[in-house]
Amino acid sequence: MTDASLHDRLAIRDLIENWAIWRDAGDWDRFRTVWHEDGWMSATWFQGTASEFIRVSRQGFEDGVSILHFLGGTSIDLAADRAVAQTKMTISQRASVHGVLCDVVCTGRFYDFLEKRQGRWGIVLRQPIYEKDRLDPVDRAASPELDRWALAALPEGYRHLAYVQEQIGFKVKRDMPGLKGPVVEELYRRGHQWLRGGEALVRTA
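First, a word on scope: everything that follows refers to the structure included in this document. Note that this is a predicted model, so its numbers are computed, not measured.

Calculation notes
Residues numbered from 1 in each chain as written. Predicted model: local features only at pLDDT ≥ 70, side-chain atom pairs only at ≥ 80, totals over all residues. Heavy atoms only, no water. Phe/Tyr/Trp six-rings, centres within 6.5 Å; stacked < 30°, edge-to-face > 60°. Buried < 20%, exposed > 50% of the residue type's maximum accessible area, 1.4 Å probe, protein only. Lys NZ or Arg CZ within 6 Å of the ring centre and 35° of its normal. Helix = DSSP H or I, 4+ residues; strand = E, 2+ residues; numbered from the N terminus.

1. A word on the packing of aromatic side chains
- Within the structure shown, the criterion is met by 16 aromatic pairs.
- Measuring from ring centre to ring centre gives 6.2 Å for Phe31 and Trp35, while their planes differ by 90°; the resulting arrangement is edge-to-face.
- The class for Trp35 is buried, based on a relative accessible area of 3%.
- With a centroid separation of 5.4 Å and 45° between ring planes, the pair formed by Phe46 and Phe53 is classed as tilted. For the pair Phe46 and Phe53, one class covers both residues: buried.
- An aromatic cluster of at least three residues, connected via ring pairs, comprises Trp19, Trp28, Phe31, Trp35, Trp45, Phe46, Phe53, Phe61, Phe110 and Phe170.
- Its end group placed over the ring of Trp194, Arg82 keeps NZ or CZ at 3.6 Å from the ring centre.
- When the ring centre of Phe110 is taken as reference, the NZ or CZ atom of Arg126 above it lies at 3.8 Å.

Structure follows, in structure tokens:
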């Protein structure tokens, strides 16, 4: 590994960690710096530009929406001034579910398309991969009565997360990448194309 490659990998990892810290802390000015101007965010509850994602995230933060992130290991594929990074993560959201305060935790990966422009790495596209999740009442003596039919109709990898988000009024996208299957395989294919000079995303959201 060359010194330049190591420097790029460290810069990318730093960027990924800053994304989680600054977003969860509501440090919106610094959060904006991890994106390129044409950056795009795709999540269960939001698909759109980085600028709009920052706006709605800030509004939710100020309105008391509680969504937090915890990061694990990162794997980075580098090709000159482009990179694809996969980072193990959990998304934790607290909300009232049928009158019972609950925590939902989803485990997965951030799959990031990155580019270095004028010496600065930034996110061009962030696409989470949702692998599995669970829902727990904050007070173990309480238990929400879930609509089992509605729950079963949601995607397996983020079933409980989607249920909670729909309960509080979000419109949830039903075809996000999971651990296996054609959707995540297509994401991997796009990642390989990105490293070879292709586009990150056809923006049809």
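Moving on from the model shown.
2. Focus: unusual backbone geometry
- At His98, a residue that is not glycine, the phi angle is positive and equals roughly 50°.
- Within the secondary structure layout, His98 lies in the loop between β4 (82-97) and β5 (100-117).
- One non-glycine residue, Gln118, lies in positive phi territory at about 50°.
- By the element assignment, Gln118 lies in the loop between β5 and β6 (120-137).
- Residue classification places Gln118 among the exposed residues on the basis of a relative accessible area of 88%.

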